[in-house]
2 protein chains.
Amino acid sequence: MVVGSVLVTGGTGYIGSFTALALLEADYKVVIADNLFNSSPEVINRIELISGKRPDFFQVDITDSTGFDKVFAAHPDIDSVIHFAALKAVGESGEKPLDYYHVNVYGSINLLRSMQKHNVYNIVFSSSATVYGDATRVPNMIPIPEECPLGPTNPYGNTKFAVETAITDFINAQRNNATKAGNADEAEKWNGALLRYFNPAGAHPSGIMGEDPQGVPYNLLPLLAQVATGKREKILVFGDDYASRDGTAIRDYIHILDLSNGHLRALNYLRANHPGVRAWNLGTGRGSTVYEMVKAFSTAVGRDLPYEVAPRRAGDVLDLTSNPTRAGKELGWKTERTLEQACEDLWLWTKNNPQGYRQQPPAELLAALKK
Amino acid sequence: MVVGSVLVTGGTGYIGSFTALALLEADYKVVIADNLFNSSPEVINRIELISGKRPDFFQVDITDSTGFDKVFAAHPDIDSVIHFAALKAVGESGEKPLDYYHVNVYGSINLLRSMQKHNVYNIVFSSSATVYGDATRVPNMIPIPEECPLGPTNPYGNTKFAVETAITDFINAQRNNATKAGNADEAEKWNGALLRYFNPAGAHPSGIMGEDPQGVPYNLLPLLAQVATGKREKILVFGDDYASRDGTAIRDYIHILDLSNGHLRALNYLRANHPGVRAWNLGTGRGSTVYEMVKAFSTAVGRDLPYEVAPRRAGDVLDLTSNPTRAGKELGWKTERTLEQACEDLWLWTKNNPQGYRQQPPAELLAALKK
């Protein structure tokens, strides 16, 4: 039985593909829209291999003003969107901010306009903990609760913040306009989730799905994975003079399966409880330093991975550890996998797929799936 | 002698047209781009009548991704933009927020992308005091200095805030990228002014240029003007239970000639001092309540204008009075005209142009101009 139909924008990307998988496993019908700018369509085959179900796929660029209209017209059953499509490199956003405003902000305005036109009621937005900025500027805000005042410190974060306000203003207006028109049933159909997450990590335990960044990765774990496979000589640790236990920055690494499950829970919550717009942190509540991550992944790999200390990056902050209490209470969600599992799953994926999705996984992994 | 060439977006609108006039009077060459959605091309004739110079005009919609490219290609001498084009009704922004995000935010991203492509270095942005939101939430922030934390309370203000961050991120990136490339001279050419203003009021003392809103006006003074001419029976005072001296909301009304002069000063400052991105309040520093404004305009008209109290509007705040100290110190700018003059000039404009720009002004006003 299909419980609902969902469009996943950016659905061939890392978090998008795992969320598409989680939706299919929960009996949602899934349509993926992606421009394949930083991802491979091969991931759709892997989703099918694992779930036994194949999402529909549209190659759509989010900045194409009519792109989503075509998708919604072809799939009038879609009533919800989980929106990942975006540029996501903090450093690059400082060099090419207009690309980020164009793709992330204008692209999202496009999507919302199309949702309005086609009465697509629910949106789960892939926001980011980056919207909080440096939470240490406010007393008692580490670990960070959703109530922490927002204050992004880089263009990437500014674009996520702008989309959060656009979604909030849009959903509130749809509700108010319907209420004023005397249509309370229609009003409560419009809902939005702002999911602020922390650092996604790990891969599918089968070893056939994982993160496959095109070009140079910009997150710690994929970089460590490249060091482990010899693609990269060493990693750079950006700043060892932060006020943390070992001088390196603290982040909250969450297993990708826990994170994608959080998206599923948020969508279910919107559909069942009609909260209007609501923000939830998706994190473990436990912070790890860069050095601790290097050690944890080295343990999974079985040898010490080399690193070098480099200056802090502009826009980086000391500590982004979540307080996930609200998601626990309201969504009944909590993380179930450890950092060690994330490292082991990432290493299984990496060593078996050195070319990412550009080559087929080893036969023994595929055979294990069929059991 | 022409001192520089400036594109004025929204240049046939109220503040835009007066700023175009101020630029021409200061020997700038002026190109106006406007979609004429809420304005009349007749204002260009009035600008010419007053200044003896005619701005060039392009009918451009800011959401046309190639519109500004055509303007900049036709006028390669343009090195600065004063950017007014936007939707501006707070109330409407709550009902149709996506129109506001599309026109104001996407339109501005479009403009910035085009400026980057054509090396147009300076932007003076028509922001709004609305970006401060309710300044009474922070201690000691009335009158409001530029350091007041931003926190808009309605979609219109959210779009102005998003454009402020886009401009800031863009100018900073252009500067950093040029600096990294070893080109310090190029770096300092990129500059931006964020002008946050308060409530523009009044008209040209000649009586032939003023505000001519199409449809229902949404600001107090144009509404009062319609009551004075009998187009409207009475005005609505939104809220008489604010914590002010007479219960009505406090705003800072600034004469349109002072405001347009502030734009000129800001542009001159960017070109002479290369500050990067800088925000300035343009206001008088003196707040007036709604009741005080009704009284002041009634005095100018010579009779009491009727009003009726209505509930507060969503998103409205108690007090938006500026602290204009920074603009005074840095731009050498201060307001020179009184509220009484604004009311008298508005009444002169209104009684002589009951159809706004849709009819020619009285011959005696035109004759007086020629003296």
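Analysis parameters
Residues numbered from 1 in each chain as written. Chains lettered and ligands numbered in written order. Predicted model: local features only at pLDDT ≥ 70, side-chain atom pairs only at ≥ 80, totals over all residues. Heavy atoms only, no water. Contact = heavy atoms within 4.5 Å. Buried area = accessible area lost by both parts, 1.4 Å probe. Salt bridge = Lys/Arg side-chain N within 4 Å of Asp/Glu carboxyl O. Polar contact = N/O pair within 3.5 Å; in protein donor to acceptor, adjacent residues only side chain to side chain. Helix = DSSP H or I, 4+ residues; strand = E, 2+ residues; numbered from the N terminus. Pairing = 2+ DSSP bridges. Axes fitted to C-alpha atoms, helices over the stretch in contact; angles between N-to-C directions. UniProt positions renumbered as here; feature names shortened; annotations may be inferred. Buried < 20%, exposed > 50% of the residue type's maximum accessible area, 1.4 Å probe, protein only. Right-handed = clockwise from strand over helix to strand, strands pointing away. Core = buried A, V, L, I, M, F, W, Y, C linked by side-chain atoms within 4.5 Å. Parallel < 35°, antiparallel > 145°, perpendicular 65-115°, else oblique. Left-handed = near helix turned anticlockwise from the far one by under 90°. Nonpolar A, V, L, I, M, F, W, Y, C, P; charged D, E, K, R; others polar. Least-squares fit on C-alpha atoms with pLDDT ≥ 70 in both.

Novice: What am I meant to see in the interface of chain A and chain B here?
Specialist: Frequently, the measure chosen for interface size is the accessible area that the parts lose on association. Counting from both sides, the interface comprises 24 residues of chain A and, opposite them, 24 residues of chain B. In this assembly, chain A packs against chain B so that about 2100 Å² is buried in total across both faces, 65% of it on carbon and sulfur atoms. Summed over the three residues of chain A that lose the most area to chain B, namely L98(A), Y101(A) and D169(A), the buried surface amounts to 28% of that side. For K180(B), the salt bridge identified is with E95(A), shortest N-O distance 3.9 Å. Run the count over chain A and chain B and you get twelve residue pairs in polar contact (both at pLDDT 80 or more). For the side of chain A that touches chain B, the secondary structure elements donating two or more residues are α4 (90–95), α5 (97–117) and α6 (155–180) of chain A.

Novice: Explain the sheet that holds strand β4 (residues 78–83) of chain A here, please?
Specialist: Pairing between the strands of a sheet is mediated by backbone hydrogen bonds and can be parallel or antiparallel. All names here are of chain A. With respect to topology, seven strands assemble into an open sheet ordered β3-β2-β1-β4-β5-β6-β11, the strand pairing being parallel. This sheet does not close on itself; its edge strands, each paired only once, are β3 (56–59) and β11 (277–282). For this sheet, the mean angle separating the axes of adjacent strands, direction not counted, is 20°. Pairing of strand β1 (residues 4–9) with β4, which is carried by five bridges, proceeds in the parallel orientation.

Novice: Explain the UniProt feature "domain: NAD(P)-binding" (unreviewed entry) in chain A here, please?
Specialist: Per the UniProt record, "domain: NAD(P)-binding" (unreviewed entry) is annotated on residues 7–345 of chain A. This span, residues 7–345 of chain A, is 42% helix and 17% strand, and a straight line between its end C-alpha atoms measures 27 Å.

Novice: Would you take a moment to explain the pattern of salt bridges for this structure?
Specialist: Between side chains of opposite charge, a pair can form as their charged atoms come close. All names here are of chain A. Overall, the coordinates contain 36 salt bridges over all chains when judged by the stated rule. Residue D77 is joined to K29 by a salt bridge in which the shortest nitrogen-to-oxygen separation is 2.6 Å. Residue D77 is found in the loop between α3 (67–74) and β4, and its partner K29 is found in strand β2 (residues 28–34); the two are separated by 48 residues along the sequence. Take D77: its relative accessible area is 35%, and that puts it in the partly exposed class. Overlapping salt bridges bring together E146, E147 and R326 as one network.

Novice: Looking at this structure, I do not really get the pairing of strand β2 (residues 28–34) of chain B. What am I missing?
Specialist: Side chains on a regular strand alternate between the two faces of the sheet. Residue and element names in this part refer to chain B. Most of β2 is tucked away: six of the seven residues are buried. As defined by bridge partners, strand β1 (residues 4–9) adjoins β2 across six bridges and the pair is classed as parallel. The partner of T9 across the bridge, within β2, is A33. Relative to strand β3 (residues 56–59), β2 runs parallel, the two being bridged by four bridges. Opposite D34, over in β3, you have Q59 as the bridge partner. What joins β2 to β3 is helix α2 (residues 42–51), and the crossover it makes is right-handed.

Novice: It is not clear to me how the nonpolar core should be interpreted in this structure. Could you clarify?
Specialist: What tends to happen in soluble globular proteins is that the nonpolar side chains get buried as a cluster. By size, the foremost hydrophobic cluster in this structure holds 75 residues, and its most contacted members are L23(B), W280(B) and F297(B). When residues in this core are grouped by element, the largest group, eight residues, is from helix α9 (residues 256–273) of chain B. The residues touching F297(B), leaving out its near neighbours within four places in the chain, are L221(B), L224(B), A225(B), A228(B), L305(B), C343(B), L346(B) and W347(B). Membership of the second largest hydrophobic core comes to 65 residues, among which are V30(A), I32(A), A193(A) and L282(A).

Novice: How do you make sense of unusual backbone geometry when you look at a structure like this?
Specialist: Glycine aside, negative phi is the norm for most residues, and most peptide bonds take the trans geometry. Residue P143(A) is bonded to the preceding I142(A) through a cis peptide linkage, with omega at -5°. Of note in this structure, D27(A) is not a glycine but carries a positive phi near 70°. Relative to the assigned elements, D27(A) resides in the loop between α1 (14–25) and β2. Taking relative accessible area as the criterion, D27(A) reaches 35% and is therefore assigned partly exposed. Notably, N140(B) is not glycine yet its phi reads approximately 60°, a positive angle. For N140(B), the position within the fold is in the loop between β5 (122–126) and α6 (155–180). N140(B) sits in the exposed class, given a relative accessible area of 74%.

Novice: What is the right way to read the packing of α5(A) against α6(A) from this model?
Specialist: Packed helices, taken two at a time, are described by the angle their axes make and the gap between the axes. Residue and element names in this part refer to chain A. Where α5 contacts α6, the axes come no closer than 9 Å and their chain directions differ by 15°. Our classification of the angle between α5 and α6 gives roughly parallel. The element α5 and its partner α6 pack so that their crossing is right-handed. In contact with P97, Y100, Y101, N104, V105, S108, L112 and Q116 of α5, α6 contributes P155, Y156, N158, T159, A162, V163, A166, I167, F170 and Q174. Residue composition of the contact of α5 with α6, by class: twelve nonpolar, six polar and no charged.

Novice: Please explain the environment of A178(A) as it appears in this structure.
Specialist: Residue and element names in this part refer to chain A. Structurally, the position occupied by A178 is in helix α6. For A178, a relative accessible area of 10% gives the class buried. On a C-alpha basis, the gap between A178 and K189 in space is 9.9 Å, while along the polypeptide they are eleven residues apart. The contacts of A178, once residues within four sequence positions are left out, are N183, E186 and A187.

Novice: Can you walk me through the relation of the copies chain A and chain B in this structure?
Specialist: Both copies of the chain are related by a screw-like operation: a rotation about an axis and a shift along it. For the pair chain A and chain B, the best superposition has an RMSD of 0.0 Å and corresponds to a rotation of 180° with a translation of 0.0 Å parallel to the axis. Both chain copies can therefore be described as sitting about a two-fold axis. When the interface residues of chain A are mapped onto chain B, 100% of them again lie at the interface, so the same face is used by both copies.

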